[in-house]
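Observations on the model geometry
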Amino acid sequence: MHPLVSRRAEALRGAVTAPGDKSISHRALMFGGLAIGETAIHGLLEGEDVLNTAKAMQAYGASLRRGEDGVWHVRGVGVGGLAEPEDMLDLGNSGTGARLLMGLAAGHPITSFFTGDASLRRRPMARVMKPLAEMGARFVSREGGRLPLAVTGASNPLPIEYTLPVASAQVKSAILLAGLTAPGETIVIEPEPTRDHSERMLRHFGATLRVADREDGSRAVTLTGQPELVAATVRVPGDPSSAAFPAVAALLVPGSEVRIANVGANPLRFGLFETLLEMGADIALENRREEAGEPVVDLLIRAGALKGVVVPPRRAPSMIDEYPILAMAAACADGPTVMEGLAELRVKESDRLGAVARGLAACGVEIEEGPDRLVVHGKGRPPAGGAMIAANLDHRIAMAFAVLGMVSEQPVSIDDGEPIATSFPGFVPMMNGLGADIADQPPQPPQASGAPA
């Protein structure tokens, strides 16, 4: 356990670069590991989640090395060329790593064993196992499709047409990864568009892939199987999910002005910033450009008053990881902020919806919680704070409440900041470098979530 305490800050000032996009980093390692030749990856996120994916790709036979300049070099084995791992693959806290690698393994006639930390072992994998089983893979798992589990890939993977019951970029990507080794066309129909990093990167590495929007609002993604992926340079943009924390902190702490460089601006990942702009946020999007098929911008954020808004459920797929930090902004806004379509938050690294609701209530914020909705009644001023927050091994809960502590009347404590390293190594020194006051806290007697710190 690594307890933290976040105290009220003076104006935040400075320029920072967001850490590399976690979703793109995972995929760059996987597609580079399947490609012929050597892929150079610039700006790879070196958090625990991504490093666990790197170890897994090495176990599958890919060659990886990190240059002194920080560039990662991946020499792939070719589509269909994965070796059987000699040991269990431990994905730590990463649902993305586990689910996408399950798809990768499902298309190869090898047996892989997956496990993770206590949080990941609680997360359901059945939604991935079902379509992969239709493609010929076999699974043995704990009750409810939970890790640890074993997957034996198909000798002759079958292409399928699969309609996702719930929009999920992870499930879509797992099917596409398995479809790489299947003959013919693998088709995934999603009820609404989700983040499309896999589609963009597949094209970048030479695969043939079509995307078609349908009249009913759904989207069909069609992959032609058994391509020869060719090594390609990847420049990983900054992660908008990570940039969200210094961005919201700069909006909330009076007098702040912060520039965040190299932020990925994929429209299917940018829902938080769209919402913040609707709330009246002073955010300038500068130096728009494209790198390796992904749009990128620099952000200039200045503090200012925010107003409550209604966030449409259709926006949830583009900001599902950002609702915890949006809730912190909503706690300081003037008027209610209504967030709906949040059921997916119940099965993230923790029950994020419940954790946010309990933590805000303990900090003196009036909230309404439903099975898939959260209403935060902001009063146009910082909340009381003064609570101990149970992070529940969830990096985004820990960082979100650290941001709240920067503006609340009383310090906010987090029982364990250790999980932050899974996605944002260097978060605390970066924020303190801008003017925050986040420090280690001596161990406290055990308390329930939300008890006074």
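None of these values were measured; they are calculated from a predicted model. Here the residue index of a chain counts from 1 through its sequence in written order. pLDDT decides what is reported in this predicted model: residues at 70 or higher carry local features, side-chain atom pairs at 80 or more are listed and counted, and totals for whole chains, interfaces and linings draw on all residues regardless. Excluded from the side-chain calculation are hydrogens and water; included are all heavy atoms of the structure.

1. Quick look at the overall build of the chain
In terms of helices and strands, the chain carries 13 helices and 24 strands. As defined in this context, the radius of gyration uses C-alpha atoms, and a globule is described by 2.2 Å times the residue total to the power 0.38. Its C-alpha atoms give the chain a radius of gyration of 21 Å, within 12% of the compact-globule value 22 Å for 453 residues. C-alpha atoms of the chain, sized along the principal axes, occupy 60 × 50 × 45 Å. Buried, partly exposed and exposed residues are distinguished by accessible area as a fraction of the type maximum, computed with a 1.4 Å probe on protein chains only: under 20%, between the cut-offs, and over 50%, respectively. The buried share among the 453 residues of the chain stands at 61%. Summarising the internal contacts of the chain: among those between residues at least 6 apart in sequence, 77% fall at separations of at least 24. In short, Shrake-Rupley with a 1.4 Å probe defines the accessible areas, and a residue's cover is counted only from the protein chains shown. Carbon and sulfur atoms form 50% of the exposed surface of the chain, whose accessible area is close to 16100 Å². Across the chain, the centroid of the 42 positively charged side chains sits 1 Å from that of the 53 negatively charged ones. Only runs of H or I of at least four residues qualify as helices and only runs of E of at least two qualify as strands under DSSP, and these elements are numbered from the N terminus. Between two residues, a contact is recorded if the distance between any of their heavy atoms is within 4.5 Å. The charge count treats Lys and Arg as positive and Asp and Glu as negative. His and the chain ends do not count. We put the charge of a Lys on NZ, of an Arg on CZ, of an Asp on CG and of a Glu on CD.

2. Topic: the sheet that holds strand β5 (residues 72-75)
Whether parallel or antiparallel, the strands of a sheet pair through hydrogen bonds between backbone atoms. Whether two strands pair depends on DSSP finding at least two bridges between them. Taking strand neighbours across the sheet as the criterion, the four strands line up as β4-β5-β3-β14 in an open arrangement whose pairing is mixed. Edge positions in the open sheet fall to β4 (63-66) and β14 (234-235), since each of these has one partner strand only. Sitting on the sheet, helix α1 (residues 22-34) is in contact with β3 (38-42), β4, β5 and β14, with an inclination near 35 degrees to β5. Simply put, an axis is a line fit to the C-alpha atoms, just over the touching stretch for a helix, and the angle between two N-to-C directions goes from 0 to 180 degrees.

3. Brief notes about the nonpolar core
We define the nonpolar core as a collection of buried residues of types Ala, Val, Leu, Ile, Met, Phe, Trp, Tyr and Cys that are connected through side-chain atoms lying within 4.5 Å of one another. Ranked by size, the top nonpolar core spans 80 residues in total, and within it L12, I260, L276, Y323, L360 and M406 carry the most contacts. Grouped together as the second largest cluster of nonpolar side chains are 64 residues, A28, L29, V50 and M135 included.

4. As for helix α8 (residues 240-252)
To estimate the expected span of a helix, subtract one from its residue number and multiply by 1.5 Å. Compared with the 18 Å implied by 1.5 Å per residue over 13 residues, the 18 Å span of α8 between its first and last C-alpha is a close match. Whenever a nitrogen or oxygen atom comes within 3.5 Å of another N or O atom, the pair is scored as a polar contact, on the condition that within protein one atom can donate a hydrogen and the other can accept it, and that pairs from neighbouring residues in sequence are kept only if both atoms are in side chains. The opening residue of α8, the one whose side-chain oxygen lies 2.8 Å from the backbone nitrogen of S241, is D239.

Take it as geometry only, folks, not as evidence of what the structure does.
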